[in-house]
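# Observations on chain architecture
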Amino acid sequence: MTQSAPPAVPPQAGSAPFETHADRPAERRDGRPDTETPARPGGTRHKQRDAHLDNAKFLGVVLVVCGHVLEDLRDATGAHALYLFIYMFHMPLFIVLAGYFSRSFTFSAGKARKLITSLAVPYVIFEIAFACYRWALGVADKPTISLLDPYFVTWFLLALFVWRLSTPVWQQLRWPIGGAVVISVLSGTADLPTMMDLYRMLGLLPFFVIGLMLKPEHFELLKRPRVRVAGALVLAGGLIMANLVHRKMTTEWALWRMGFADLHVSNLTGAGMRLGMLLAGATLVAAFLAIVPSRHTWFTRLGGATMYAYLLHGFGTKLMEARGWYDPSWLHTVPGVAVAMAAAAGFAVLLMTAPVRRVTRWAVSPVIDWAFTRPGTYAGPPRRNA
Amino acid sequence: MTAQAVTEVTGAAGAADVADVAGAKNTAPERPVKTRDPFFDNAKFLAILLVVFGHAIEPLRDSRGAHALYLFVYTFHMPVFIIITGYFSRSFTFSTGKARKLITNLAVPYVIFETAYSVFRWAAGGKDFEISLLAPVWLTWFLMAAFFWRLSTPVWQQLRWPVSIAILIALLSGMNDLPSTFEMHRTLGLLPFFVVGLKLQPKHFELLRLPASRVAACVVLAAGLAVAFAVHGHMTIEWAYWRHGNDYLGVSEVTGTAMRLGMLAASLVLSAAFLALVPSRGTWYSALGAATLYAYLLHGFPVKLAEYEHWYRPDWLHGPAGIAAIAALSVPLTIALTRPVVRRGLRWAVEPTLSWAFTPLRRP
């Protein structure tokens with residue numbers, strides 16, 4: 001790679017892997033014109049970031065942080081239902097968007113490198129960091145690093161790595177979503193090992209494939225005034241539903257990390273529940289995207305840095321748990337939860353600000369040109385019969 | 001009959017090789033697309049012959065010679081295929097056609113043969129009936145592993161020290177107690193061979209064809225056989241299977257890592273020696289080398305049937321005469337399974353077209 005060194009100040013469009021590749025299709029670090037990135041199937045290359053999707057990612061990651069804080073306050077009135085509600089769609093939202101940004105994913109040199117720099121390397125770094133952190137906090141006796149057994153939030157990096165690699169396969173199938181749903185339901189019937197969070201990788205696959213199949217016009221549809229009203233109604237309906245059912249089902253259904261046998265249901269019940277969760281998740285994701293503002297807002301720019309908040313917030317929430325900071329009883333009340341949610345949102349914003357990005361860029365979005373072949377060594381795909 | 005003639009008659013561009021499963025053309029880059037290099041077809045045919053022979057003498061391992069020979073063959077027969085698979089994946093990009101081949105020539109045959117072997121095991125072998133698509137039965141692991149290796153190709157193409165990283169991953173994988181799901185131990189443990197293949201260039205094969213290399217190869221193979229006879233009683237054959245972690249094999253991480261490194265080195269050296277001895281001119285079996293995947297996937301049925309039906313019981317089989325007899329039988333069996341008539345009859349299972357399952361051709 002030529003040493004067109006990255007700017008000292010990270011570009012505003014952060015390179016969080018939630019939008020790892022396609023957001024910046026024309027960028028090449030070696031400065032050559034990007035001839036390998038084909039025009040998008042659905043239209044022209046967009047050089048500009050989509051404010052709607054950046055807003056969605058920002059709000060989505062705020063929900064992730066709030067959800068993790070809420071996890072320890074679930075005994076408060078309404079908190080358990082709210083937790084279930086958020087978990088129904090917050091990760092599906094990210095996965096759908098990750099799929100959407102993978103639509104034109106081909107293995108040009110730049111994109112394969114992105115897969116390594118923004119998913120594989122951060123995965124290894126944060127697995128090690130969390131293992132050491134748990135040990136430092138006294139939660140674990142020794143730093144146990146298990147790269148095949150993702151800890152806490154890191155599963156998403158591993159899953160996205162595999163999903164991205166599988167993109168070309170889905171692009172070719174005639175009924176990709178049907179195929180992914182079948183795999184998702186079948187995976188629930190299997191007795192999978194804990195290794196690699198396979199239940200999540202296979203169970204949540206349909207959301208990724210749905211994202212792959214979405215086109216810009218689908219998002220345009222969501223921006224219509226009537227659809228936005230419907231979106232608000234659906235979300236309200238979802239919240240009411242969550243309040244009705246949250247005591248009758250385990251939240252494990254929304255965590256996607258176990259098989260039907262572990263959840264003590266028959267395969268038939270499990271398949272029914274899973275299909276229901278897929279449907280509810282997809283509906284709520286659509287509804288959420290419909291109510292997300294599509295204009296430029298104060299947080300739009302932060303939407304390019306969601307991976308910072310996603311990966312770093314765990315250090316905060318795990319510290320809270322280890323130090324017993326969730327213990328005060330006033331936190332476990334409605335006003336207490338409200339305060340905690342506001343604090344969580346503030347924390348999420350803080351983690352996406354430029355100073356934090358600058359300091360942690362080496363881990364979240366590292367530049368490791370030294371680990372790659374020099375340009376020219378890999379000539380790219382030979383063009384036959386062109 | 002040339003390889004090309006066979007492939008034209010049967011209408012496929014030679015996509016049925018074990019090592020060519022995802023449909024990369026068997027051509028060196030500077031050659032015109034249509035020419036197959038008989039060297040690789042020869043190599044694949046001879047290697048598949050070793051696979052068939054290896055599986056066929058498996059029940060005879062109570063005799064010393066068979067056990068040593070088995071270890072010797074197992075040290076390099078699959079590594080040869082994996083290296084060739086990697087070599088033909090060098091230019092693997094996810095153009096429409098190639099992504100489809102991944103599905104038609106690996107994923108679908110995997111499901112079909114996984115099911116077929118499960119049914120066969122139950123019907124002929126009297127075992128419990130269980131189809132587990134996530135945990136490969138017997139030889140089907142290669143299809144699953146090749147699927148994952150191929151998908152990962154673009155990542156290796158970008159890294160500066162891909163072979164070292166692959167070896168590191170293989171060694172680390174041995175320190176974990178991985179589940180049988182996805183045959184993870186094999187997929188990760190044998191990964192270095194695939195990556196070595198990816199990094200090979202035509203000039204490396206030219207090097208192997210030098211007369212001096214061929215002489216050296218004879219010496220290496222003879223030495224390898226001698227070493228196999230010397231050590232086969234002191235090590236478990238599991239080291240050549242690559243399917244378990246150090247802990248399961250009852251060794252420390254240090255011993256296990258050293259063994260793995262040793263096996264990787266031995267396999268690489270023996271694979272190179274084997275390839276050096278493969279003739280590079282067209283031979284009578286060059287054409288059959290294009291259909292090795294058929295022999296690979298099908299030979300399990302007669303071999304397992306012989307086991308289920310106790311055809312291995314006669315005492316005379318468990319000695320040099322038996323080994324010779326099995327070797328003599330493996331050749332016609334392999335030839336039979338790579339015949340055009342077999343390809344025609346079983347194309348639907350090994351390299352199905354499945355155009356109904358795909359979107360209209362689309363340029364990504």
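These figures come from a predicted structure and were not determined experimentally. (Residues numbered from 1 in each chain as written. Chains lettered and ligands numbered in written order. Predicted model: local features only at pLDDT ≥ 70, side-chain atom pairs only at ≥ 80, totals over all residues.)

When helices and strands are counted, chain A shows 14 helices and zero strands. The secondary structure elements of chain A, listed N-terminal to C-terminal, are α-α-α-α-α-α-α-α-α-α-α-α-α-α. A total of 386 residues make up chain A; the buried ones form 42% of that total. (Helix = DSSP H or I, 4+ residues; strand = E, 2+ residues; numbered from the N terminus. Buried ≥ 20, exposed ≤ 12 C-beta atoms within 10 Å, placed from the backbone.)

Let us now look at the overall build of chain B. Counting its regular elements, chain B contains 16 helices and zero strands. By residue count, 46% of the 364 residues in chain B fall in the buried class. A fraction of 81% describes how many contacts in chain B between residues 6 or more apart in sequence connect residues 24 or more apart. (Contact = placed C-beta atoms within 7 Å.)

Residues and elements named next belong to chain B. Position of Ala306 among the secondary structure elements: in helix α14 (residues 300-308). The spacing of Ala306 and Pro59 is 247 residues in sequence and 9.6 Å in space, taken between C-alpha atoms. Here Ala306 is in contact with Trp311 and Tyr312, once residues within four sequence places are set aside.

Moving on: the packing of helix α3 (residues 64-87) of chain B against helix α8 (residues 191-199) of chain B. All names here are of chain B. In contact at an axis separation of 6 Å, α3 and α8 are set at 45° when each is read in the N-to-C sense. By the angle between their axes, α3 is oblique relative to α8. Crossing geometry of α3 relative to α8 is assigned as right-handed. Counted together, Pro79, Ile82, Ile83, Ile84, Thr85, Gly86 and Tyr87 of α3 and Phe193, Phe194, Val195, Val196, Gly197 and Leu198 of α8 form the full contact between these two elements. When its residues are assigned to classes, the contact of α3 with α8 shows ten nonpolar, three polar and no charged. (Axes fitted to C-alpha atoms, helices over the stretch in contact; angles between N-to-C directions. Parallel < 35°, antiparallel > 145°, perpendicular 65-115°, else oblique. Left-handed = near helix turned anticlockwise from the far one by under 90°. Nonpolar A, V, L, I, M, F, W, Y, C, P; charged D, E, K, R; others polar.)

This next bit is on helix α4 (residues 155-172) of chain A. Residues and elements named next belong to chain A. Over its 18 residues, α4 extends 26 Å from the first C-alpha to the last, a length consistent with the 26 Å expected when each residue adds 1.5 Å. The largest bend along α4 measures about 45° and falls at Ser166, with the proline Pro168 one to four residues further on. Most of α4 is tucked away: 16 of the 18 residues are buried. (Expected span 1.5 Å × (residues − 1). Bend = angle between axes of the 7 residues up to and from the residue.)

Looking now at the confidence of the model for chain B. All names here are of chain B. With 88% of its residues at a pLDDT of 70 or more, chain B has an overall mean of 85. Taken element by element, the predicted model of chain B shows its lowest mean pLDDT in helix α1 (residues 3-10) (36) and its highest in α8 (96). The low-confidence segment residues 1-15 (pLDDT under 50) makes 35 contacts with residues lying over four places distant or belonging to another chain. A low-confidence stretch, residues 22-32 stays under pLDDT 50, and its non-local contacts, those more than four residues away or across chains, total 33 contacts. Two numbers describe this predicted complex: its pTM, 0.82, and its ipTM, 0.78. (pLDDT = per-residue confidence, 0-100.)

Turning next to helix α13 (residues 334-351) of chain A. Helical periodicity: at 3.6 residues per turn, an α-helix aligns residues three or four positions apart in one direction. All names here are of chain A. Over its 18 residues, α13 extends 26 Å from the first C-alpha to the last, a length consistent with the 26 Å expected when each residue adds 1.5 Å. Of all the residues in α13, the buried ones are Val337, Ala340, Met341, Ala344, Ala348 and Leu351. For α13, the angular spread of the buried residues around the axis is 105°, confining them to a single face. Across from the buried face of α13, at angles greater than 90 degrees, the exposed residues are Pro335, Ala338, Ala342 and Gly346. Looking at the buried residues of α13, the elements they touch are α1 (51-70), α2 (79-101), α12 (306-323) and α14 (354-364). (Arc of directions from axis to C-beta.)

What follows concerns the packing of helix α10 (residues 211-231) of chain B against helix α12 (residues 253-277) of chain B. All names here are of chain B. For the pair α10 and α12, interaxial distance at closest approach is 8 Å and the crossing angle is 130°. Classified by the angle between their axes, α10 and α12 sit oblique to one another. Here α10 and α12 pass one another in a crossing that is left-handed. Residues Ser213, Arg214, Ala217, Cys218, Val220, Leu221 and Gly224 of α10 form the contact with α12, whose own contacting residues are Val269, Leu270, Ala273, Phe274, Ala276 and Leu277. By residue class, the composition of the contact of α10 with α12 is ten nonpolar, two polar and one charged.

Let us now look at the confidence of the model for chain A. Residues and elements named next belong to chain A. Scored by pLDDT, chain A has a mean of 83; 83% of the residues are at 70 or more. Averaged pLDDT values for the elements of chain A fall to 88 in helix α3 (residues 109-137) and rise to 96 in helix α7 (residues 205-213). pLDDT under 50 marks residues 376-386. Its contacts with residues more than four places away, or in other chains, come to eleven contacts.

Residue and element names in this part refer to chain B. The phi torsion at Trp138 lies on the positive side, around 45°, for a residue other than glycine. Along the chain, Trp138 falls in the loop between α4 (96-123) and α5 (141-158). The partly exposed category is assigned to Trp138, around which 15 C-beta atoms lie within 10 Å. Positive phi, close to 55°, is recorded for Leu354, a residue that is not glycine. Mapped onto the elements of the fold, Leu354 is located in the segment after α16 (340-350).

Here we take up the environment of A:Leu263. Residue and element names in this part refer to chain A. Locating Leu263 in the fold gives a position in the loop between α10 (252-255) and α11 (267-291). On the basis of neighbour counts, which here come to 16 C-beta atoms within 10 Å, the residue Leu263 falls in the partly exposed class. A C-alpha to C-alpha distance of 9.8 Å links Leu263 and Gly188, two positions 75 residues apart in sequence. When neighbours within four sequence positions are excluded, Leu263 is seen to be in contact with Thr250, Glu252, Met258 and Gly270.

In this section: the environment of B:Val220. Residues and elements named next belong to chain B. In this fold, Val220 is placed in helix α10. Along the backbone, Val220 and Phe274 are 54 residues apart, and their C-alpha atoms lie at a distance of 9.1 Å. Setting aside chain neighbours within four positions, we find Val220 in contact with Val269, Leu270 and Ala273.

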